[in-house]
Amino acid sequence: MEADDDGLTMNIAMTIPTTTAATITLAEAMEFAWYEADLLDHAVYEEWLALWTDDARYIVPIEPGVTDFENAVNYAYDDHEMRKKRVERLLSGQSVSASPVARTVRSLSRFRMLKTSETACELRCAQIITEFRRGRERTYTGDVVFELVRAESGLKIRRKIVWLINSTEALGGIGYIL
Amino acid sequence: MTSLAELTSNPDDLIRKDRVRTPLYTDPAIFDAEMTKIFHNTWVWVAHVSEIPNNGDFKMAQVGLEPVIVVRDRKGQVHVHLNRCRHRGATLCEVRKGKTSSLVCPYHGWGYSLDGKLRGVPYENGYDETTLDRSELSLKSLRVEDYNGLIFATFRDDIEPLADFLGPAKKWIDLFMKQGGGYPVKTLGEHKFRFPGNWKIQLENTTDAYHFPLVHKSFLTAVDKETEQQLDMLNNGGFVEDLGNGHSVMVMIPELIDLDDNLEAPIPEKFAELAKELATEGYSDTEVRRIVRAVGGSGFNVNLFPNLACSMAFFRVLQPVSVNETEIRHIAIGMDGGPAAANRARIRLHEFFQGPMGFGSPDDAEVWDRVQHGAQGGDDMWIMLNRGFPKEESLPDGRHRSDVSAETGMRAAYDQWKRMMTV
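Residues numbered from 1 in each chain as written. Chains lettered and ligands numbered in written order. Predicted model: local features only at pLDDT ≥ 70, side-chain atom pairs only at ≥ 80, totals over all residues.

Peer 1: I'm lost on the overall build of chain A in this one. Help?
Peer 2: The helix and strand tally for chain A stands at 4 helices and 6 strands. When the helices and strands of chain A are listed from N to C terminus, the series reads α-α-α-β-β-α-β-β-β-β. Excluding contacts between residues fewer than 6 apart, the proportion of contacts in chain A whose partners are at least 24 apart in sequence is 57%. (Helix = DSSP H or I, 4+ residues; strand = E, 2+ residues; numbered from the N terminus. Contact = placed C-beta atoms within 7 Å.)

Quick look at the structure:
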């Protein structure tokens, strides 16, 4: 598989005749987003790590409206290496705030396809995630924007941005993946 | 007898040189007294100069629990006003930061210039000179002084100048600011989080090297080998020094005290790519070395009593909320006008450890939370701060110094706490 998106797009363009390449539908993208949510809530991290393109970013920004994430301070700005480290941290038992990892249930709804084509789409939805750990329940609410691309194996994430509605407020320690 | 009464009548029952009793974390009356006896009576950090660079720039802050506005007026002078209209007490500002030409109360429209003077009162004919004397109704302004970019405010006009209050800490602040790498230091953004615990638990932590290898094991596992060795701080010859007035410095990586030194040292592997990028952008070899060394931050924490630490590569700001709730801000800093690639590298390092989703802060928050939880039991028991006490070296001016894992910095902070709380 090609490392960069352009390569990916070209591959698809070459192997799939344009007449049969279908636009990514809302139903298809929703199903994928729910699948990702389910993997995180049920700690199926290896499978989760495989959902991303090689150059993908997982971003939890702080300042509303920021577009240049790379030059901004975020809560998370993870490439593949950092996502892997995050997963290792959750599984290692070395982190006192992640031993045990908080139990989470996330609910994704209010989906809207912002852009779509045969090869890529941008999906926005609401996410409400409830965590429970050490007798304490907390909720984090936000918008999630997925940039998905069609790969040979199905959809993959090129970018996932979690826009918490209270991102500029003081949060509690979040010892799991939003 | 209540703990608070005990504090004045028999302080040794609550606080000694090497230990403090549990009510210091749990007693709401002690917390209330701290907000006046300490936060209302000393210099409190409110801003870095780069947060309000231009005339009209402002930010919200707090001095203890009291809301203030830090603002640069039309002539460039910095003021710190109580965020409270002189009419009926509403806040004038609920925007974290921004730019403005005046401060107008949303309730009845009283308007103030940025220097705090009352300018506009709508429907003024409802008052006469006996009921509205504008000169008496300026915003309540605090005394403001700054040192090397750090802006402090105090409610007290009669305490020592800031420079005297900081004393020996000034040298360390100057060293810390060298991580501008030849550029002025600038704030880049911040992480804020809360933990359910007393503010002094965090105050102690910035001078606690002892917890690092255990609490931050998952972070140490995630970094490269070279960084891991550098952060093996209990074995690197570091030290803690009492700097007077509750301040202290904890040196964890002695070779990173002065970032202008050792520029000829090999560039760490993790910064090799950055160094190459900077060279390609046309920076000279010396500039590259200075910038790259600065990107990694300083090898020490300067703890300034009561609410700021210049902590390796960021500012740690402590905001008490209640006896068992504290807000922490980790402000990222970088090079004002420096290469974007260097600031990006600093930001990524900041995100790695700090904040609610960092690989370090959540573990800190968890153990602090546990201290507060544990302290709900054993009201008569002591919190021990005696690590390194017997072997402590006394400096000629009465200050103390010990090895890096000693609780010398905490003892320095509690000395000041006791001086201020027992008057």
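Peer 1: Just checking my understanding: could you explain the sheet that holds strand E13 (residues 185–195) of chain B for this structure?
Peer 2: Backbone-to-backbone hydrogen bonds join strands into a sheet, with any given pair of strands oriented parallel or antiparallel. All names here are of chain B. Across the sheet, 9 strands lie side by side as E13-E19-E18-E17-E16-E15-E14-E22-E21; this open sheet has antiparallel pairing. Of all strands in the sheet, those with a lone pairing partner are E13 and strand E21 (393–394), marking the two edges. Most of the contacts of helix H5 (residues 169–176) go to strand E16 (residues 300–304), to which it runs at about 135 degrees, and overall it touches strand E14 (239–244), strand E15 (247–251), E16 and strand E17 (308–311). Against the sheet, helix H12 (residues 340–353) engages E13, strand E18 (314–322) and strand E19 (325–335), with an angle of about 155 degrees to E19. (Pairing = 2+ DSSP bridges. Axes fitted to C-alpha atoms, helices over the stretch in contact; angles between N-to-C directions.)

Peer 1: Where do I start with the interface of chain B and chain A in this structure?
Peer 2: Many structure descriptions define interface size as the accessible area lost when the parts assemble. The partner chain A presents 25 residues to the 31 residues of chain B that form the contact. Counting only elements with at least two residues in the side of chain B that touches chain A, the list comes to E13, helix H8 (217–222), E19, H12 and helix H13 (361–374) of chain B. A per-class count over the side of chain B that touches chain A returns 13 nonpolar, 7 polar and 11 charged. (Nonpolar A, V, L, I, M, F, W, Y, C, P; charged D, E, K, R; others polar.)

Peer 1: What exactly am I supposed to notice about the nonpolar core here?
Peer 2: Here is a general trend for soluble globular proteins: nonpolar side chains tend to be buried in one another's company. Core analysis: the largest hydrophobic core is formed by 149 residues, its most contacted members being Leu-148 of chain A together with Val-46, Val-68, Val-70 and Val-302 of chain B. Ranked by the residues each element gives to this core, the list is headed by helix H14 (residues 408–421) of chain B, at 6 residues. (Core = buried A, V, L, I, M, F, W, Y, C linked by C-beta atoms within 7 Å. Buried ≥ 20, exposed ≤ 12 C-beta atoms within 10 Å, placed from the backbone.)

Peer 1: How should I be thinking about the sheet that holds strand E4 (residues 57–63) of chain B in this particular structure?
Peer 2: All names here are of chain B. Sheet architecture is open: 7 strands sit in the order E3-E12-E11-E6-E5-E4-E7, paired in antiparallel fashion. The open sheet is flanked by strand E3 (44–48) and strand E7 (97–99), the only strands paired with a single partner. Neighbouring strand axes in the sheet, compared pairwise and without regard to direction, differ in orientation by 30 degrees on average. Across 5 bridges, strand E11 (residues 141–147) lies against strand E12 (residues 150–154) in antiparallel orientation. Within E12, the residue paired with Glu-145 across the bridge is Phe-152.

Peer 1: How should I be thinking about the UniProt feature "domain: Rieske" (unreviewed entry) in chain B in this particular structure?
Peer 2: Here the UniProt feature "domain: Rieske" (unreviewed entry) sits at residues 43–153 of chain B. The span residues 43–153 of chain B carries 0% helix and 41% strand; its end-to-end C-alpha distance comes to 6 Å. (UniProt positions renumbered as here; feature names shortened; annotations may be inferred.)

Peer 1: Sorry, what's going on with helix H4 (residues 80–92) of chain A here?
Peer 2: The periodicity of an α-helix, 3.6 residues per turn, causes residues three or four places apart in sequence to face the same way. Taking 1.5 Å per residue, 13 residues should reach 18 Å; H4 of chain A reaches 18 Å between its end C-alpha atoms and fits that length. Buried within H4 of chain A we find Arg-83, Arg-86, Arg-89 and Leu-90 of chain A. Taken end-on, H4 of chain A shows its buried residues confined to a sector of 120 degrees, consistent with a single buried face. Its buried side turned inward, H4 of chain A meets helix H3 (45–49), strand E1 (52–60) and strand E2 (76–78) of chain A together with H8 of chain B. In the segment just after H4 of chain A, Gly-93 of chain A is the residue with positive phi, at about 75 degrees. (Expected span 1.5 Å × (residues − 1). Arc of directions from axis to C-beta.)

Peer 1: I tried to follow the environment of Glu-255 of chain B on my own but got confused; where do I start?
Peer 2: Residues and elements named next belong to chain B. Among the secondary structure elements, Glu-255 is positioned in the loop between E15 and helix H10 (272–280). You can call Glu-255 exposed: it has 12 C-beta atoms within 10 Å. Considering only alpha carbons, one finds Glu-255 and Gly-238, 17 residues apart in sequence, at a separation of 9.5 Å. In this structure, Glu-255 is in contact with Asn-262 and Gly-299, ignoring residues within four places of it in sequence.

Peer 1: Is there a simple way to think about the pairing of E11 of chain B in this case?
Peer 2: The side chains of a regular strand alternate, first on one face of the sheet and then on the other. Residue and element names in this part refer to chain B. For strand E6 (residues 78–82) and E11, the ladder comprises 2 bridges, and the chain directions are antiparallel. Looking across to E11, one finds that Val-80 is bridged to Leu-142. Here E11 hands over to E12 after 2 residues, with Asn-148 in that stretch at a positive phi of 45 degrees.

Peer 1: Got a minute to help me understand the packing of H10 of chain B against H12 of chain B in this structure?
Peer 2: Residue and element names in this part refer to chain B. Close contact between H10 and H12 brings their axes to 9 Å; oriented N to C, the two are set at 160 degrees. Compared by their axis directions, H10 and H12 come out roughly antiparallel. The two elements H10 and H12 meet at a crossing, and its hand is right-handed. When H10 is examined against H12, the residues Leu-274, Glu-277 and Leu-278 are found in contact with a partner set consisting of Ala-341, Ala-342 and Ala-345. (Parallel < 35°, antiparallel > 145°, perpendicular 65-115°, else oblique. Left-handed = near helix turned anticlockwise from the far one by under 90°.)

Peer 1: I'm lost on the environment of Glu-131 of chain A in this one. Help?
Peer 2: All names here are of chain A. Inspection of the secondary structure assignment puts Glu-131 in strand E4 (residues 120–133). When the C-alpha positions of Glu-131 and Phe-69 are compared, they lie 26 Å apart, and in sequence the two are 62 residues distant. Not counting the four nearest positions on each side in its chain, Glu-131 is found in contact with Ala-102, Arg-103, Thr-104, Arg-138 and Tyr-176.

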